[in-house]
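Remarks on the overall topology
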Protein chains: 2
Amino acid sequence: MEKSALQVARAAYQPKVPRVLKGAVEAKEGAPTESVGNQKEIRELFPNTYGMPVVEFVASDEKQAKPVNVGVILSGGQAPGGHNVISGLFDGVKSLSKESKLYGFLMGPGGLVDHKYMEITDELIDEYRNTGGFDIIGSGRTKLEKVEQFEKGIEILRKLGITALVIIGGDDSNTNACVLAEYYAAKKYGVQVIGCPKTIDGDLKNEQIETSFGFDTACKTYSELIGNIQRDCNSSRKYWHFIKVMGRSASHIALECALQTQPNVCLVSEEVEAKQMTLDDVVTYIATAVANRALDGNNFGTVVIPEGIIEFIPAIKKLIAQLNEVLTDPSTGEPRAFASADEQIAFVKGSIEQDNLAVLESLPSDVARQLCLDRDPHGNVQVSLIETEKLLSRMVDTKLKQWKKEGKFVGKFSAQHHFFGYEGRCAAPSNYDADYCYSLGFNASRLIASGKTGYMSIIKNTTAPAEQWVPGGVPITMMMNIERRNGANKPVIRKALVELDGAPFKYFASHRDVWARQTSYVYPGPIQYFGPSEVCDQCTKTLALEQAK
Amino acid sequence: MEKSALQVARAAYQPKVPRVLKGAVEAKEGAPTESVGNQKEIRELFPNTYGMPVVEFVASDEKQAKPVNVGVILSGGQAPGGHNVISGLFDGVKSLSKESKLYGFLMGPGGLVDHKYMEITDELIDEYRNTGGFDIIGSGRTKLEKVEQFEKGIEILRKLGITALVIIGGDDSNTNACVLAEYYAAKKYGVQVIGCPKTIDGDLKNEQIETSFGFDTACKTYSELIGNIQRDCNSSRKYWHFIKVMGRSASHIALECALQTQPNVCLVSEEVEAKQMTLDDVVTYIATAVANRALDGNNFGTVVIPEGIIEFIPAIKKLIAQLNEVLTDPSTGEPRAFASADEQIAFVKGSIEQDNLAVLESLPSDVARQLCLDRDPHGNVQVSLIETEKLLSRMVDTKLKQWKKEGKFVGKFSAQHHFFGYEGRCAAPSNYDADYCYSLGFNASRLIASGKTGYMSIIKNTTAPAEQWVPGGVPITMMMNIERRNGANKPVIRKALVELDGAPFKYFASHRDVWARQTSYVYPGPIQYFGPSEVCDQCTKTLALEQAK
């Protein structure tokens, strides 16, 4: 592998870890726990892994030194720091005993089921320390949900003498990790399962988990780009930039980027939903910001948009739900077939309710057409194909033209569009993520050594210097409740959405009117790995605000 | 202005300058020069500024210490380092005398004509040292070409006691700087004009100018993103990413990014034109790379595309030329009017030659439609509206589907698209650009002190440590020839395209077959400002290869 100068220099970085993890530890156990909701149901579903205590590691004199064979799986979308979880885990199991072995299952959970794996060696791990990506063993989206999969898994685990499995994933993957832990515990297979909180979306967090890894680096990478665009915007003074960032279910990324860069407008899906805003309300909100800045002669600006915004607008959500319904044949449950696109559109328009029809017809015609026609393999409307940033800027343009006629807009409006997703998911981890991930992985080895299963590896107090970070574990069942998913009730980890009464949103809300009218741009620049600590070692604004409360 | 931690830390950076510029200098003059082409015509057009010698500054005992009032203009698109040219110039003129003054004309050359300006003070410049963007005084695209403009300019220059003007711009702006220098010299107005070589496109370079500023930072920023995408691509192993980068006239950016990141495919417009490739040739070239990688089970990859590629395909160029022709009414020179879009398309198809019609009909129907319909205010086809990265991936998809039927393609093909332009133009300058720009600006003050006009500020030997850089000046007329522009012969600086027998392209060409088949990605990561010199102080691969010859 040919390496860049930065990769070479960065390979030598020794991640900072909590002081406690530098020596032998013992698990200090709290009181039994309850799930965040549906306690009775969750307890019944997880008889072997429910009610376990939260664990905090403290220094100990006693050395745990038994060798252990561990398997590791990367599940779902990439997030910066995955390689550091694995290198921390590697160093952790090797520190228990040189005889310990770490195996990686390839291309995600499917590797466990299909018995595709490799041993992770010293030479291999040294190639990947402090690097971005999940390419060391690959990742995949196979869901571990079925007994057949669990049974296929135990075959290879037994063959390799693996007694503990670490699953690095988001909320769904950790839910499944817990189901697997419960299954193996019930069967007394002697395999522990430990989860690690990963997702750039930042929506896997709660009282126990301060943040999911990758969020820090991804947001800093997107903020670098938004800052660069804002500097351009403020130099040429002629465009409004509509910038969409990842985040379908939650707007943490958009909000964090706004806190870092202070754009003129940032939409927050959770607020749009809570205020029951219509698409026209959203468009009017943006157009008003444009019109106000035009009064000051500023015909330029930036708008940050979370990827999922469209689906949070109640009227659109309702329209999509009905489109999915009418396009399905109730007798077969299959997508309806049509002779032509025109026939399909006519059918749709004749079948949906008047208010939904009105919403459909308020959309630009090509978007409306796309909504009526394009469906995914399950027959569902493909909302993700809509280029929301372009849809919004076009509707803003239309509204401003109307306002111009009415004398309510005196400026010019010209838009540029951007979408940032893949640009940040595999960035090399920031110091924060490098340290946090390495600690999560190392800590997972201590949960294993302590005999825990159905736990997630956690590190708390991460706004303090790493020395003072607090390692431990939380029972996954504690974070669960029952939710309706794909037409069935399921035990799931509750997703953390942006809280409108949380500190990050409140900070944003109290500043956004000034940011909207004035030019208050901040330019964060690229992630720095060397240099002053105030540049290199800061956590996200979201985390700092949340922990300051 | 609220600042990020990096901005604060970076403000303290003291750019490295050539040793010679640290003390008093004198101009060592070479032999009289000739223009690179059309010597007779250029000499006649520039009687007062033609034939001047190349200048190199050497250390001197004699201190030049007369105060001077200088004006500075940012012209055209933003490029990282513009603020450092101004801060170098500021420090330079102040080092001549504390009494010297520097004025910035606002929002580009228009500021000179409209008498919009501000004095650049110590406090102001300190806010902008080592930052990206042109926002200190703004930039604009007004062309300084007319006598009325020059005369309006001299009014304000006289009023402010300005005897030297520094114009920071690309090839066209420097051409105009030279025309202005000649005019003021002919009129004996006593105002010197000095140019500085700016453009991220990298196409303003020659025997005298090693590189244009901003190219280094912009390419490194795009390469950071391409590297991140490649790491994602190599982790999820399911997409081909089509990544378009800026560069309409030349492919230096695409080529440099390819040298930094080693993608599977990189198109070079100059090669496409030289080999007289058709659109189908280009599509086949990419599809072949996809098919070959599929043989190894690798259904993923990256394709880097220069923005201008479409216009370099001879058949498309010919089609566009004829579209422009037939859509213009010959009797009025105005765009033809049509009753409807369908009528317009029918007219176009009935009016163009058979081979052009065949090319038009080989395009996806919406692109063909767009080419026939959308025109800019001058009535020209809007080639820049075509999303080339999507056009190419769709045509590759169509070809692969055909090949699949024929048994010539065994894999899967799914594409993602990216376009990077505004993301890099205003990035904070890399150390290279920070040092280079500051030196160019400081050096411009020395050209002024030496009484030069019609010169461009140059710094040579920039692949060596900055101490050893060689400052000087080159007569702008030396870089000129006569070219046909907008239907008239004009003296212009010759644009530097990618040379197919130059070292950078040759290096690329000798490696690309391996890069195409294998996964040879390099991940440069974000620009670093602190840390080891091999990480922070490297120039572009293009420059290193060119200067190594």
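Data block above holds the structure.
On a predicted model such as this, the values are computed, not experimentally measured, just so you know.

In terms of helices and strands, chain A carries 22 helices and 15 strands. In terms of overall dimensions, chain A is globule-like: its C-alpha atoms have a radius of gyration of 25 Å, near the 24 Å expected for 549 residues. Seen along its three principal axes, the alpha-carbon backbone of chain A occupies a region of about 80 × 65 × 50 Å. Sorting the 549 residues of chain A into buried and exposed places 61% on the buried side. Put simply, 78% of the contacts in chain A that link residues at least 6 apart link residues at least 24 apart. For chain A, the accessible area works out to roughly 20,800 Å², and carbon and sulfur atoms hold 50% of it.

Let us look at the interface of chain A and chain B. Tallying the contact residues gives 59 residues for chain A and 59 residues for chain B. At the boundary of chain A with chain B, total buried surface from both sides reaches about 4,500 Å², with 52% on carbon and sulfur atoms. At the boundary of chain A with chain B, the tally comes to 6 salt bridges. A salt bridge links A:E387 to B:K390, with the shortest nitrogen-to-oxygen separation between them at 3.0 Å. Linking chain A with chain B are 28 residue pairs in polar contact (both at pLDDT 80 or more). Elements with a minimum of two residues in the side of chain A that touches chain B: α1 (5-11), α8 (215-236), β11 (415-420), α18 (422-425) and α21 (533-536) of chain A. Broken down by element, the side of chain A that touches chain B gets its largest block of residues, 10 residues, from α8(A).

Turning to the relation of the copies chain A and chain B, a few remarks are in order. When chain A is fitted to chain B, the residual RMSD is 0.1 Å, and the transformation amounts to a turn of 180 degrees plus an axial shift of 0.0 Å. Accordingly, the operation relating the two chain copies is best matched by a two-fold axis. Of the residues that chain A buries at the interface, 100% are likewise interface residues in chain B, meaning the two copies contact each other through the same surface.

All names here are of chain A. Taken in spatial order, the 4 strands make up an open sheet running β9-β10-β8-β11, and their pairing is parallel. Since the sheet does not close on itself, it has two edges, and those belong to β9 (265-266) and β11, each with one partner. Here strand β8 (residues 240-245) runs beside β11; their pairing, made up of 6 bridges, is parallel. Bridge pairing links W240 to A415 in β11. The strands touched by helix α11 (residues 279-295) within the sheet are β8, β9 and β10 (301-306), with β8 carrying the most contacts at an inclination of about 145 degrees.

Residue and element names in this part refer to chain B. Within the element layout of this structure, S445 appears in helix α19 (residues 431-449). Look at S445 and you get buried, because its relative accessible area is 0%. Once residues within four sequence positions are removed from consideration, S445 is found in contact with L89, G92, V93 and L96.

For the rest of this paragraph, the subject is α19(B). An ideal rise of 1.5 Å per residue puts 27 Å on 19 residues; α19(B) measures up with 27 Å between its terminal C-alpha atoms. Phi turns positive, to about 80 degrees, at B:G451, one or two residues after α19(B).

For A:Q276, which is not glycine, the phi dihedral falls at a positive 55 degrees. Tracing the backbone through its elements, the reader meets A:Q276 in the loop between α10 (269-274) and α11. Given the relative accessible area of 55%, A:Q276 is considered exposed. Residues other than glycine seldom take positive phi values, yet B:N130 does so here, at roughly 65 degrees. Mapped onto the elements, B:N130 comes out in the loop between α5 (122-126) and α6 (147-159). Given a relative accessible area of 2%, B:N130 falls into the buried group.

Once that is clear, we can look at the pattern of salt bridges. If the charged atoms of two oppositely charged side chains come close together, the side chains can form a pair. The tally for this structure, following the rule as stated, stands at 66 salt bridges over all chains. The partner of A:K244 in a salt bridge is A:E389, and the shortest N-O contact between them spans 3.2 Å. A residue pair is termed long-range when its members are at least 10 positions apart, and A:K244 in strand β8 and A:E389 in helix α17 (residues 388-405) qualify at 145 residues. There is no split in this pair, since A:K244 and A:E389 are both buried. By sharing partners, the salt bridges in this structure join A:E387, A:K390, B:E387 and B:K390 into a single network.

Right, let's talk about the nonpolar core for a bit. Membership of the largest hydrophobic core comes to 218 residues, with the highest contact counts inside it found for A:I86, A:V166, A:Y184, B:I86, B:V166 and B:Y184. Not counting chain neighbours up to four residues away, the residues in contact with B:V166 comprise B:V70, B:G71, B:V72, B:I73, B:L89, B:I194, B:C196, B:A444 and B:I448.

Bringing the pairing of β10(A) into the picture now. All names here are of chain A. Of all 6 residues in β10, 6 are buried, a share of seventy percent or more. Here β10 shows two buried faces, one formed by G301, V303 and I305 and the other by T302, V304 and P306. Alignment of β8 against β10, held across 6 bridges, turns out to be parallel. By the bridge assignment for β10, W240 is matched with G301. For β9 and β10, the ladder comprises 2 bridges, and the chain directions are parallel. Of the residues in β10, the one forming a bridge with C266 is V304.

Residues and elements named next belong to chain B. Read across the sheet, 9 strands follow the order β1-β2-β13-β12-β7-β6-β3-β4-β5 without closing on themselves; strand pairing throughout is mixed. At either end of the open sheet lies a strand with only one pairing partner, and these are β1 (25-32) and β5 (117-119). Neighbour to neighbour, the strand axes of the sheet diverge by 25 degrees on average, direction disregarded. Across 3 bridges, strand β4 (residues 101-105) lies against β5 in antiparallel orientation. Across the sheet, G104 pairs through a bridge with M118, a residue of β5.

One pass over the structure, following the stated rule, counts 0 disulfides over all chains. A:C266 takes part in no disulfide bond, and the closest cysteine sulfur, belonging to A:C257, lies 8.1 Å away. Unpaired in this structure, A:C536 has its nearest cysteine sulfur neighbour in B:C536, at a distance of 11 Å. Overall, the relative accessible area of 4% leaves A:C536 in the buried class.

On to α17(A). Taking 1.5 Å per residue as the helical rise, α17(A) with its 18 residues ought to reach 26 Å, and the 26 Å between its terminal C-alpha atoms agrees with that figure. Here α17(A) has its buried residues at A:T388, A:E389, A:L391, A:L392, A:S393, A:M395, A:V396, A:K399, A:L400 and A:W403.

Residues and elements named next belong to chain B. The buried count for strand β12 (residues 455-460) comes to 5 of 6 residues, which makes it a mostly enclosed element. Note: strand β7 (residues 192-197) against β12, 2 bridges, orientation parallel. Directly across from G195, in β12, lies its bridge partner M456. Looking at chain direction, β12 and strand β13 (residues 470-475) are connected through 6 bridges and run antiparallel. Bridge pairing in β13 places S457 opposite G473.

Right, let's talk about the packing of aromatic side chains for a bit. Residues and elements named next belong to chain A. The tally for this structure, following the rule as stated, stands at 30 aromatic pairs over all chains. Arranged with centres 5.6 Å apart and planes meeting at 50 degrees, the rings of Y184 and Y189 form a pair that is tilted. With centroids separated by 6.4 Å and ring planes inclined at 80 degrees, the aromatic side chains of Y436 and W469 adopt a geometry described as edge-to-face. Separated by 33 residues along the polypeptide, Y436 in helix α19 (residues 431-449) and W469 in the loop between β12 (455-460) and β13 (470-475) bring together distant segments of the chain. Like Y436, the residue W469 is buried in the burial classification. These aromatic residues form a ring-pair network of at least three members: F150, Y183, Y184 and Y189. One Lys or Arg, R10, reaches over the ring of Y13 and ends 4.1 Å from the middle of that ring. Over the ring of F300 we find R293, and its NZ or CZ is 4.8 Å from the ring centre.

Our next topic: the environment of B:M480. All names here are of chain B. Mapped onto the elements of the fold, M480 is located in strand β14 (residues 480-485). Classification of M480 by relative accessible area gives buried; the value is 0%. Sequence-wise, M480 and I168 are 312 residues apart; in three dimensions their C-alpha atoms are separated by 18 Å. In contact with M480, not counting residues within four places along its chain, are S35, V36, G37, I42, F46, T175, C178, P491, V492 and I493.

This part is about the side chain of A:T33. Residue and element names in this part refer to chain A. Tracing the chain through its elements places T33 in the loop between β1 (25-32) and α2 (39-45). Only 2.6 Å separates the side chain of T33 from the backbone oxygen of M52, close enough to count as a polar contact. Those residues within four positions of T33 in sequence are excluded, and the remaining contacts are Y50, G51, M52, P53, V54, P475 and M478.

The rules behind these values
- Residues numbered from 1 in each chain as written.
- Chains lettered and ligands numbered in written order.
- Predicted model: local features only at pLDDT ≥ 70, side-chain atom pairs only at ≥ 80, totals over all residues.
- Heavy atoms only, no water.
- Helix = DSSP H or I, 4+ residues; strand = E, 2+ residues; numbered from the N terminus.
- Rg over C-alpha atoms; globule rule 2.2 N^0.38 Å.
- Buried < 20%, exposed > 50% of the residue type's maximum accessible area, 1.4 Å probe, protein only.
- Contact = heavy atoms within 4.5 Å.
- Areas by Shrake-Rupley, 256 points an atom, 1.4 Å probe, with all protein chains shown as cover.
- Buried area = accessible area lost by both parts, 1.4 Å probe.
- Salt bridge = Lys/Arg side-chain N within 4 Å of Asp/Glu carboxyl O.
- Polar contact = N/O pair within 3.5 Å; in protein donor to acceptor, adjacent residues only side chain to side chain.
- Least-squares fit on C-alpha atoms with pLDDT ≥ 70 in both.
- Pairing = 2+ DSSP bridges.
- Axes fitted to C-alpha atoms, helices over the stretch in contact; angles between N-to-C directions.
- Expected span 1.5 Å × (residues − 1).
- Core = buried A, V, L, I, M, F, W, Y, C linked by side-chain atoms within 4.5 Å.
- Disulfide = S-S within 2.5 Å.
- Phe/Tyr/Trp six-rings, centres within 6.5 Å; stacked < 30°, edge-to-face > 60°.
- Lys NZ or Arg CZ within 6 Å of the ring centre and 35° of its normal.

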